[in-house]
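Architecture at a glance
What follows is the residue order along each chain.
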Amino acid sequence: MTFDFFSLETIQTLAQDYGYWAIFFGIMLENMGLPLPGETVTLVGGFLAGSEELVYRWVLSSAIAGAVIGDSMGYWIGFYGGWPLLLKLGTFFRIDEAALAKIREQFSQNADKAVIFGRFVALLRIFAGPLAGIARMPYWKFLLCNLLGASLWGTAMVSLAFFVGRLIPLATLVGWVTQFTVAALVLVTIWITVLWWLERRQHTPAPD
């Protein structure tokens, strides 16, 4: 889910060299939809704050600002160009427009939860913004959910690294958080699959 040259050591060096700007742009670009390790950037920022190389409140402010702005850009990318791209992908994978419209409708019904809590789920953190734009979620509602989700996620990640990073190696902490977000993705996938199966079962006519 990240490029190979973005190792933990590289991210830590960038954060040490460029400080809060590295944190802000790293998270902003990920939330725009690029597969960058924004979560690791946030943990590194919190860790450096815990070792007094950076200041906690500015790390947290940079993380939240990058997440909000990046997700907003992702929203507008999805709003203006996401649906035509999704239709092309659907054609490639032989999924008709009606099925895609149904998926969009289902996401729209849960878009607020996806934007708020999706930051704690691998991949969904990257695509929640563009998907909200594709689903035509009202921007004022998206912005409120975006700000709330970014604040919860940023506070959790920065604080975790700030305090726990003093007790265990940073690499171990990053590994634990990555495992948690992947596990969350698996659970969300299972939940969606079960709901889809139940809905199909309800609409399947009973045999005579």
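Residues numbered from 1 in each chain as written. Predicted model: local features only at pLDDT ≥ 70, side-chain atom pairs only at ≥ 80, totals over all residues. Heavy atoms only, no water.

**So, the UniProt feature "transmembrane region" (unreviewed entry) in the chain**
- UniProt feature "transmembrane region" (unreviewed entry): in the numbering of this structure it lies at residues 20-48, 55-77, 116-135, 142-164 and 176-198.
- Here residues 55-77 is 96% helix and 0% strand, with 33 Å between the C-alpha atoms at its ends.
- Each end of residues 116-135 is marked by a C-alpha atom, and these two atoms are 15 Å apart; helix forms 65% of the span and strand 0%. (UniProt positions renumbered as here; feature names shortened; annotations may be inferred. Helix = DSSP H or I, 4+ residues; strand = E, 2+ residues; numbered from the N terminus.)

**Points about the pattern of salt bridges**
- What the rule picks out here adds up to one salt bridge.
- Put simply, Asp71 and Arg119 hold a salt bridge, and the shortest N to O gap is 3.1 Å. In this pair, Asp71 is assigned in helix H4 (residues 56-92) and Arg119 in the loop between helix H6 (111-117) and helix H7 (124-134), connecting sequence segments 48 residues apart. Arg119 carries the same exposure label as Asp71, and that label is buried. (Salt bridge = Lys/Arg side-chain N within 4 Å of Asp/Glu carboxyl O. Buried < 20%, exposed > 50% of the residue type's maximum accessible area, 1.4 Å probe, protein only.)

**Examining a nonpolar patch on the surface**
- Where nonpolar side chains cluster on the molecular surface, the patch consists of Val182, Val186, Leu187, Ile190 and Val194 and spans about 420 Å² of accessible area.
- Within the element layout of this structure, Val186 appears in helix H9 (residues 170-203).
- We classify Val186 as partly exposed; its relative accessible area is 45%. (Patch = residues over 30% accessible without salt bridge, like charges linked within 9 Å, V, L, I, M, F, W, Y side chains within 5 Å. Areas by Shrake-Rupley, 256 points an atom, 1.4 Å probe, with all protein chains shown as cover.)

**Some remarks on helix H3 (residues 38-50)**
- The terminal C-alpha atoms of H3 lie 18 Å apart, and with 13 residues this matches the ideal 18 Å at 1.5 Å per residue to within 8%.
- Of all 13 residues making up H3, 13 are buried, and the element is well covered by its neighbours.
- Backbone geometry just after H3 places Glu52 at a positive phi near 65°. (Expected span 1.5 Å × (residues − 1).)

**Let's talk about the confidence of the model for the chain**
- Averaged over every residue, the pLDDT of the chain is 80; the share at 70 or more is 78%.
- The least confident element of the chain is helix H5 (residues 97-109), whose mean pLDDT is 64; the most confident is helix H8 (residues 139-164), at 92. (pLDDT = per-residue confidence, 0-100.)

**Here we look at H7**
- The buried fraction of H7 amounts to eight of the 11 residues, a majority that puts the element mostly inside the structure.
- When we look at burial in H7, the residues that qualify are Arg125, Ile126, Ala128, Gly129, Pro130, Ala132, Gly133 and Ile134.
- Phi turns positive one or two residues past the end of H7, at Arg136, with a value near 60°.

**Regarding the nonpolar core**
- Among the nonpolar cores identified, the biggest contains 29 residues, and Ile23, Ile27, Leu43 and Val44 are the most heavily contacted of them.
- Each of domain 1 (8-168) and domain 2 (169-207) gives at least three residues to this core.
- Once you skip the residues sitting within four places of it in the chain, Ile27 turns out to touch Gly38, Val41, Thr42, Ala63, Gly66, Ala67 and Trp153.
- Counting eight residues, the second largest nonpolar core, distinct from the first, contains Tyr75, Val115, Ala132 and Met137. (Core = buried A, V, L, I, M, F, W, Y, C linked by side-chain atoms within 4.5 Å. Domains from an automatic or database assignment. Contact = heavy atoms within 4.5 Å.)

**Some points on the environment of Leu123**
- You can see Leu123 is positioned in the loop between H6 and H7.
- Each C-alpha atom of the pair Leu123 and Gly33 lies 9.3 Å from the other, and the pair is 90 residues apart in sequence.

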